[in-house]
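# Residue-level structural notes
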Amino acid sequence: MSVVRSTSRLFRQTSGLASLVHRVRYSQTSAVSGATVNLVETQVDFASQLKAHPAKIRGRKWLPGSNSPNFPEFLAPPEDGYVHVFTPSGKVTCPPEECAPSMRLVINNVLEKRKEGAVLFRGLPLSTAEDFSKVVVNLGLKLTSYKGGGGIRHRLAEAVDTASDEPPEFCIEPHHDLAYTDHYPEKIIFFCIEPPPPGTGGETVLADVRDILPRLDKDVVEKFRKLGVMYTHYLPSRGPGIYNSWQETFQTDSKSNVEKHMKAHNMHCKWHDDGALTDWTVLPVMHKYRGEWLWFTVPHANNNTFMKSNPYWAD
C-alpha cells in the first residue's frame, strides 16, 4: 500500500484491511517493455472502518496536548469519497518499476489536474523497501533529500527512508514535512509494509490544511504573519546516548558542508566548544499554493512542551 499526497491537502486513514467495492470512475493504462498495468479507481468505505474500530485519541499517552478538555475524544471520520483509491484491474505480474508510468498518470490526473490532495494505491507488486524504491525513482518526479530534517530516520534504499525511528508508542501529530526549512517537498510518498492490527494504534492521521487557517484566531494569525517564526535547533555532536546529532541531521561529518548548507538556505549557525551546533532561521507562517494562502508552519511541534511529550525526553 502506498499513499502519494500533496503537502497542501492531507487525508486521514485508519489501519487495517477494507473490503473493496469496485466502482470504476477513472482508469489509466500504460505499456512498458510489453507489460500493461491498468489502474482503476475503487471506492472504499473508510468511514465504516473507523466506526468499527474507533481511534480514541483524547488522553492517549505520548500524544502532545491530548489531555486538554477540548481535545476530541476520537478521530473524526474522513470526508465522503476521500481518499481516492486506485487498484489494478487484474493480476499484475510485471516488476515494480513497470508500475511507475501508470502511477504517474494517475498522480498527474488526481493531484495536478483535479487538484485533489492525495491518492492511495493498493494491490501493486510491492513488498520491500527496494520494490518501493524502484517505483519512486521511475515516477519522473524531482526527488529531494531529508537533509536538515529534525526527525529520526535512516535510509533503507535509494530515495527511501524510514518514516520515523521514534519510539513506536510515540504519537506524531499532523504536520508539514520540513516546514521549518525553505526546501520542503511538494509531494510525499508513503509505503506501508506491515499495517498495525485494528485498535492497536499506528494510524496515519492526515488533515486538510485548507480547513486550518479559517479556524485560527485572527489576531494570533496576524501576529504570526507580521513576525514570522524563528526556528532554533540545538544539535550536539555524535556520541553515545545522543538523541539526534548535527552529523545525522545534515548527513555529513564536515562542518564546512554544514555551513555551506546554512548559507544556501538563509540560515544562521553557531558552533560550541564541545562541538555542538545551534542553528536558527526565521520563516513566514503562510504559503501560497495553487492560488490559496495556507497555514504552513510547525511551531506546535517545535517547542519545549512538545519535546517533553517524547518518551526520549521524559523525566
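Presented here is an overview of the structure given in this document. Just so it is clear, the model here is predicted, and its values are computed rather than measured.

## Points about the sheet that holds strand 10 (residues 268-271)
On the basis of which strands lie adjacent, the open sheet formed by three strands has the order 9-11-10 and antiparallel pairing. Both outer strands of the open sheet, strand 9 (229-235) and strand 10, are each paired with one neighbouring strand and no more. Mean inter-strand twist for the sheet, computed between neighbouring axes without regard to direction, equals 15°. Strands strand 10 and strand 11 (277-283) of the sheet are contacted by helix 6 (residues 255-264), whose axis makes an angle of about 155° with strand 10.

## Quick word on the side chain of Lys187
When you line up the elements, Lys187 lands in strand 8 (residues 187-191). At 2.4 Å, the side chain of Lys187 forms a polar contact with the side chain of Glu112. For Lys187, the side chain forms a polar contact with the side chain of Glu186, separated by 3.3 Å.

## Section: helix 2 (residues 100-113)
Under the 1.5 Å per step criterion, the end-to-end length of helix 2 is 18 Å for 14 residues, consistent within 8% with the ideal 20 Å. For helix 2, the set of buried residues is Ala100, Ser102, Met103, Val106, Ile107, Asn109, Val110 and Leu111. Of the residues trailing helix 2, Lys115 is marked for its positive phi of about 55°.

## Re helix 6
Count 3.6 residues to each turn of an α-helix, and residues three or four apart come out pointing the same way. Of the residues making up helix 6, those classed as buried are Val258, His261 and Met262. Buried residues of helix 6, seen end-on, are gathered within an arc of 100° and therefore sit on one face of the element. Residues of helix 6 that are exposed and angled more than 90 degrees away from the buried face: Lys260, Lys263 and Ala264. One side-chain oxygen of the residue at the start of helix 6 lies 3.3 Å from the amide nitrogen of Ser256, identifying that residue as Ser254. Residue Asn266 follows helix 6 closely and has a positive phi angle near 55°.

## Focus on unusual backbone geometry
The phi dihedral of Lys115 is positive, around 55°, even though this residue is not glycine. Relative to the assigned elements, Lys115 resides in the loop between helix 2 and strand 5 (118-121). You will see that Ala159, though not glycine, has its phi angle at about 65°, which is positive. Note that Ala159 resides in the loop between strand 6 (155-157) and strand 7 (160-161).

## Observations regarding the pattern of salt bridges
Side chains that differ in sign of charge can pair as their charged atoms come close. Within the structure shown, the criterion is met by twelve salt bridges. A salt bridge links Lys187 to Glu112; the nearest nitrogen and oxygen atoms lie 2.4 Å apart. Taken as a pair, Lys187 in strand 8 and Glu112 in helix 2 lie far apart in primary sequence, 75 residues in all. Owing to a relative accessible area of 18%, Lys187 belongs among the buried residues under this scheme. Across the salt bridge formed by Glu186 and Lys187, the nearest N and O atoms sit 3.3 Å from each other. Through salt bridges with shared partners, a single network forms among Glu112, Glu186, Lys187 and Arg290.

## What to know about the packing of aromatic side chains
Within this structure, the stated rule accounts for seven aromatic pairs. Taken together, a centroid distance of 6.5 Å and an interplanar angle of 45° make the contact between Phe86 and Phe121 tilted. In this pair, Phe86 is assigned in strand 4 (residues 84-88) and Phe121 in strand 5, connecting sequence segments 35 residues apart. Neither Phe86 nor Phe121 differs from the other in exposure class; each is buried. One Lys or Arg, Lys56, reaches over the ring of Phe74 and ends 5.6 Å from the middle of that ring. Lys255 extends its terminal NZ or CZ atom over the ring of Trp271, reaching a point 4.9 Å from the ring centre.

Cut-offs applied
Residues numbered from 1 in each chain as written. Predicted model: local features only at pLDDT ≥ 70, side-chain atom pairs only at ≥ 80, totals over all residues. Heavy atoms only, no water. Pairing = 2+ DSSP bridges. Helix = DSSP H or I, 4+ residues; strand = E, 2+ residues; numbered from the N terminus. Axes fitted to C-alpha atoms, helices over the stretch in contact; angles between N-to-C directions. Contact = heavy atoms within 4.5 Å. Polar contact = N/O pair within 3.5 Å; in protein donor to acceptor, adjacent residues only side chain to side chain. Expected span 1.5 Å × (residues − 1). Buried < 20%, exposed > 50% of the residue type's maximum accessible area, 1.4 Å probe, protein only. Arc of directions from axis to C-beta. Salt bridge = Lys/Arg side-chain N within 4 Å of Asp/Glu carboxyl O. Phe/Tyr/Trp six-rings, centres within 6.5 Å; stacked < 30°, edge-to-face > 60°. Lys NZ or Arg CZ within 6 Å of the ring centre and 35° of its normal.

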